[in-house]
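The primary structure of each chain is shown beneath.
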Amino acid sequence: MLRNTLTLLIIAVVFFLINFTAYPSFTKRDDFYSNASIERTIRHIDKLSVAPGHVGTGTHTRSRRYIVDALQNMGLQVQMQKTTSLNSRGDRSAPIANILARIEGSDPEAKALLLMSHYDDANYHSPGAADAASGVATILEGVRAYLERKQPHRNDIIILITDGEELGLLGAKAFVRQHAWAQDIGLVLNFEARGTSGPAYMLMETVSGNQQLLKAFKETGAPFPVSNSLAYEIYKMLPNDTDVTELKKIPGVQGYNFAFIDDHFNYHTAQDDLSHLSINSIAHQTTYLTHTLDYFANHDLDALQSSVDQVFISIPHIGILDYPTSWNVWIVIGISILALIVLFIGIRKQYITWKTTFDSLISLVFVLLINVGVVFALLAAIDWLYPKYQDIRQGFPYNGYWYIYACISLSTIITLLFYSRKKATTEVHALIPALLWLLVGAYLSYAMPGATFLIFIGCAALLLLGLRFLSPKTAEFVDLVLLLAILIIITPLIFTIPTALGLQSVWISSALITLVIASMASVISRTQHYRWQYIWFLIPIWFLFKAEQISDFTHKRAAQSSLAYWIDADTNDAWWLSNDRVLTDWNRPYFQQQDNDENAFQNWKNTYYQWASRRSQAPAITPEKAQVTVLNDRRYRDQRIVSLEIRPASGTHHIRLLTPVKLEISRLDINRSVVSESAFTVNANRPIIRHYMGTDYRVIIDMTLPPDSEMSQLTLQSYIPGIENIEALNVSERPDNEMPMAFVNTDVMIVNQSMTLPNQQ
């Protein structure tokens, strides 16, 4: 039992050290990093996150002025790039104002280094302290500290604070398409956030190989590198584009994203404020900026190109270990040969037989099913006990980390208990798990080359198994060391997966830790007194107790709720809408007469508003309608050209122009200054364009259609925030323990109006 307790203790210690010492964990406000002040950075964040600052708000304008003033106070000349921008898909547009400054280097022929973040906030309620006032503030303070040191540098340094990032990377898009400096860029350093705490991950953005990018990053000497090649493989599969995605479209440009993702439940909510933002995460971003700026300001940025990819993993206090992906095939062959040798020794010594192999397989399947089943049962119990957690749109509740700890510790303990039972032959039980890691690694070497380092878990397990067969006493001295190496590899993934993908994916972490312990089953000692080990279950029980203590909603961890008012200005039909799966005391009164006709509701959603989960009759008011003028609707050669001028009602945040029929659009112009990149198709009852008004309450839309286009009507929807300010609606104030739901249109009035096009000329 003592050995098994030691094994459990090692697992716990490694988990703690990997997760809590990987980045600056004890930062104070008066700390400095390369002359960059954490206190000054926090002051910048405070000024940039006083209120929600999405495009078109007064806060957004004040943030822009603040950034301009800060750069000018450093002695820099500031440029404003004001234009209309259209995203790559051609369905979102807005007037944007990028902020630029340039620090000239000694070599005018060298490529420039770009420092980038964005200053617009998410709609409608997020102050954006982390996303991305923290990135802007890190750049402002980092550049100030750099200039104060008066270090000579070879490359020009361009500062780009983009606008409209939250609306579809619109500022970065405009910079790439329209600004002369875009062609000077050689490398991008982008500072972002997808949560409000945790270590900042370094993710490379490259159109070719990452070898030189990784080599250069290691040479910067950044003291707390957190990254691995599997994280980027997963990142590429997720719909999480950043401004660097647009910059990569410039030939030869590559980049680094630095972003922290913990406390993801605050992302794009009213809780993305300074009080929820981790000072440790700010410090980590600062270390990245100061070291990379010092290095890349003098590095040959053309030398970062490479056709070779590296497999890599960062280890706290050691650094980044890496090797070329071209080694993958030889590593797979080498570990396969090792597996054959171990199998040969085991069979010759009669450790491995058909019976023991089958027993190993059944044992692994059994313990995996138990652990994954227990996790799913726990998740189901959480959903049953706390149904409102389903409305946390980020998929991660406030006590989610305690649930992760509970699930991981439960899986660890169940696996240890299973393999320490009285009659188990633990040496051979490790065979199938070790071979499984080998097979997974071999598959990943082709499917996801960056994940191939996982094969070393199988390698360590096979080594230990071979030692057990040859010299059990020697293995006694090696097994815990190999277990330690495996835990260092796997621990970051066990916690990152449910943090990035949501709590419902914690079963993957459970399966991983089960496979790790099963593959090292020979570490576990058999004991006749294994029943005493049930005391270990106090650990997950304590984690669940801690989760229960913060299971309620408070003003610091508010419940998400939504309410929107939809009015058809032509028919006067009015509805309350909500995206909530579980209503709250605040919005429940509006749905006393809820529409329960599922077919009618679904048809209405398909036509007007596909995201609502419920609707109820609402009092009709007389809203101000948008003014729509048809400037042109004529056939010209083999095309039909439709031009509209739209002046929405005051206070409108954005408009959606929908078509009742399927349209083939060969060209879309917005404000006659930006054009769609290619032709596209719009299905019936879907938006042709979503335009964010900014401070310009006028937009001109030009559509080029086939000459036989049957479009004779369009629908315009105006989204006007602030239904709580409309007296006729009598919307009550939210309680302190609730906040507007993230990622949805809530607290808005949606005015729906139709328009008929005149006869074509």
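Below: a short report on this structure.

Rules behind the numbers
Residues numbered from 1 in each chain as written. Predicted model: local features only at pLDDT ≥ 70, side-chain atom pairs only at ≥ 80, totals over all residues. Heavy atoms only, no water. Helix = DSSP H or I, 4+ residues; strand = E, 2+ residues; numbered from the N terminus. Rg over C-alpha atoms; globule rule 2.2 N^0.38 Å. Buried < 20%, exposed > 50% of the residue type's maximum accessible area, 1.4 Å probe, protein only. Contact = heavy atoms within 4.5 Å. Areas by Shrake-Rupley, 256 points an atom, 1.4 Å probe, with all protein chains shown as cover. Pairing = 2+ DSSP bridges. Salt bridge = Lys/Arg side-chain N within 4 Å of Asp/Glu carboxyl O. Arc of directions from axis to C-beta. Expected span 1.5 Å × (residues − 1). Bend = angle between axes of the 7 residues up to and from the residue. Core = buried A, V, L, I, M, F, W, Y, C linked by side-chain atoms within 4.5 Å. Phe/Tyr/Trp six-rings, centres within 6.5 Å; stacked < 30°, edge-to-face > 60°.

## Description of the overall build of the protein chain
Item 1. Of the regular secondary structure elements, the protein chain holds 19 helices and 27 strands.
Item 2. Its C-alpha atoms give the protein chain a radius of gyration of 29 Å, within 12% of the compact-globule value 27 Å for 761 residues.
Item 3. Expressed as lengths along the three principal axes of its C-alpha atoms, the size of the protein chain is roughly 90 × 70 × 55 Å.
Item 4. Across the 761 residues that make up the protein chain, the buried fraction comes to 60%.
Item 5. Relative to all contacts within the protein chain whose residues are 6 or more apart in sequence, the contacts with residues 24 or more apart total 81%.
Item 6. On the protein chain, roughly 31000 Å² of surface is accessible, and the fraction owed to carbon and sulfur atoms is 56%.

## Brief notes about the pairing of strand β7 (residues 185-193)
Item 1. Most of β7 sits out of view: nine of its nine residues are buried.
Item 2. Here strand β5 (residues 112-118) pairs with β7 via five bridges, running parallel. Paired with Ala112 across the bridge in β7 is Ile185.
Item 3. Bridge analysis of β7 against strand β9 (residues 254-262) gives seven bridges, and the strand direction is parallel. Each residue of the ladder has a partner; that of Val188, found in β9, is Gly255.

## Structural notes on the pattern of salt bridges
Item 1. On inspection of all chains with the given rule, the structure shows 28 salt bridges.
Item 2. The closest approach of N and O atoms between Arg89 and Asp91, which form a salt bridge, is 3.7 Å.
Item 3. Of the residues examined, Asp91 reaches a relative accessible area of 26% and is grouped as partly exposed.
Item 4. The salt bridge involving Arg144 is made with Glu148; its shortest N-O contact spans 3.0 Å. Placement of the pair is Arg144 and Glu148 together in helix α4 (residues 129-149), with a separation of four residues, close to one helical turn.
Item 5. Taking relative accessible area as the criterion, Glu148 reaches 46% and is therefore assigned partly exposed.

## Structural notes on helix α2 (residues 38-48)
Item 1. Among all positions of α2, only Ile38, Thr41, Ile42, His44, Ile45 and Leu48 are buried. Here the buried residues of α2 occupy an arc of 155° about the axis, which is enough to place them on one side.
Item 2. On its buried face, α2 is in contact with β1 (32-33), β2 (36-37), α3 (58-73), α4 and α9 (279-296).

## Some details on helix α16 (residues 472-501)
Item 1. End to end, α16 covers 41 Å across 30 residues, agreeing with the expected 44 Å (1.5 Å per residue, within 8%).
Item 2. Along its length, α16 reaches its greatest deviation from straightness, about 40°, at Val478.
Item 3. Positive backbone phi, approximately 110°, marks Gly502, located one or two places after α16.

## As for the nonpolar core
Item 1. With 91 residues, the main nonpolar core has Leu454, Leu487 and Ile490 as its most contacted residues.
Item 2. Top contributing element to this core by residue count: α16, with 12 residues.
Item 3. Residues within four places of Leu454 in sequence aside, it is in contact with Leu230, Trp437, Leu444, Ile489, Ile490 and Leu493.
Item 4. The next biggest cluster of nonpolar side chains, apart from the first, holds 62 residues, and it includes Tyr33, Leu115, Val136 and Met202.

## Structural notes on the sheet that holds strand β21 (residues 674-675)
Item 1. With respect to topology, five strands assemble into an open sheet ordered β16-β17-β24-β20-β21, the strand pairing being antiparallel. Edge positions in the open sheet fall to β16 (627-636) and β21, since each of these has one partner strand only.

## Here's the deal with the packing of aromatic side chains
Item 1. Following the criterion strictly, the structure yields 39 aromatic pairs and no others.
Item 2. Their ring planes at 90° and their centres at 5.0 Å tell us that Tyr295 and Phe296 sit as a pair that is edge-to-face.
Item 3. The class of Tyr295 is buried, set by a relative accessible area of 18%.
Item 4. Taking the relative accessible area as the measure of exposure, Phe296 reaches 0% and is therefore buried.
Item 5. A ring pair is formed by Trp566 and Trp604, whose centres lie 4.8 Å apart and whose planes are at 80°; its orientation type is edge-to-face. You can see Trp566 sitting in strand β13 (residues 564-568) and its partner Trp604 sitting in helix α19 (residues 598-607), a full 38 residues away along the chain.
Item 6. Here Trp604 falls in the buried class, since its relative accessible area comes to 9%.

## Concerning the pairing of strand β24 (residues 699-705)
Item 1. Burial analysis of β24 places seven of its seven residues in the buried class, which makes it a mostly covered element.
Item 2. Residues Val699, Ile701, Met703 and Leu705 of β24 are buried on one face, and the alternating residues Ile700, Asp702 and Thr704, pointing to the opposite face, are buried as well.
Item 3. When strand β17 (residues 639-647) meets β24, the two strands line up antiparallel, connected through seven bridges. Across the sheet, residue Leu644 finds its bridge partner in β24, namely Ile701.
Item 4. Relative to β24, strand β20 (residues 667-670) runs antiparallel, the two being bridged by four bridges. For Arg667, the partnering residue across the bridge sits in β24 and is Thr704.

## Some thoughts on the environment of Ala380
Item 1. Positionally, Ala380 belongs in helix α11 (residues 354-385).
Item 2. Its relative accessible area of 44% is what places Ala380 among the partly exposed residues.
Item 3. In this structure the C-alpha to C-alpha distance between Ala380 and Ser306, which are 74 residues apart in sequence, comes to 48 Å.

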